[in-house]
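Tertiary structure, described
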Amino acid sequence: INDFSYLHTNCFELSIYVGCDKYPHESELPEEWENNRESLIVFMEQVHRGIKGIVRDVHGKGIPNAVISVEGVNHDIRTGK
């Protein structure tokens, strides 16, 4: 579903597994958190990287369905309504 969401809705979803055991026991979760806390926080901070903003016309109104292309990236996106 992650690929479908990205390609058809511009929603970027991730599934992250932080260990070899996909379903660790509840008692193991605190240790898994401590082992991966810093790297997960740094990863989440990356949401602030990149280009973001509002596409507006000359009158300041948002432009629905505007196509945004980035040279070298083979995936256009469209603005919302």
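Residues numbered from 1 in each chain as written. Predicted model: local features only at pLDDT ≥ 70, side-chain atom pairs only at ≥ 80, totals over all residues. Heavy atoms only, no water.

By the element assignment, arginine 78 lies in strand S2 (residues 77-78). On a C-alpha basis, the gap between arginine 78 and valine 55 in space is 10.0 Å, while along the polypeptide they are 23 residues apart. A distance of 3.1 Å separates a polar atom in the side chain of arginine 78 from the backbone oxygen of asparagine 65. (Helix = DSSP H or I, 4+ residues; strand = E, 2+ residues; numbered from the N terminus. Polar contact = N/O pair within 3.5 Å; in protein donor to acceptor, adjacent residues only side chain to side chain.)

The backbone of asparagine 65 sits at a positive phi, close to 60°, despite the residue not being glycine. Structurally, asparagine 65 is set in the loop between helix H2 (29-45) and strand S1 (67-68). Classification of asparagine 65 as partly exposed rests on a relative accessible area of 46%. (Buried < 20%, exposed > 50% of the residue type's maximum accessible area, 1.4 Å probe, protein only.)

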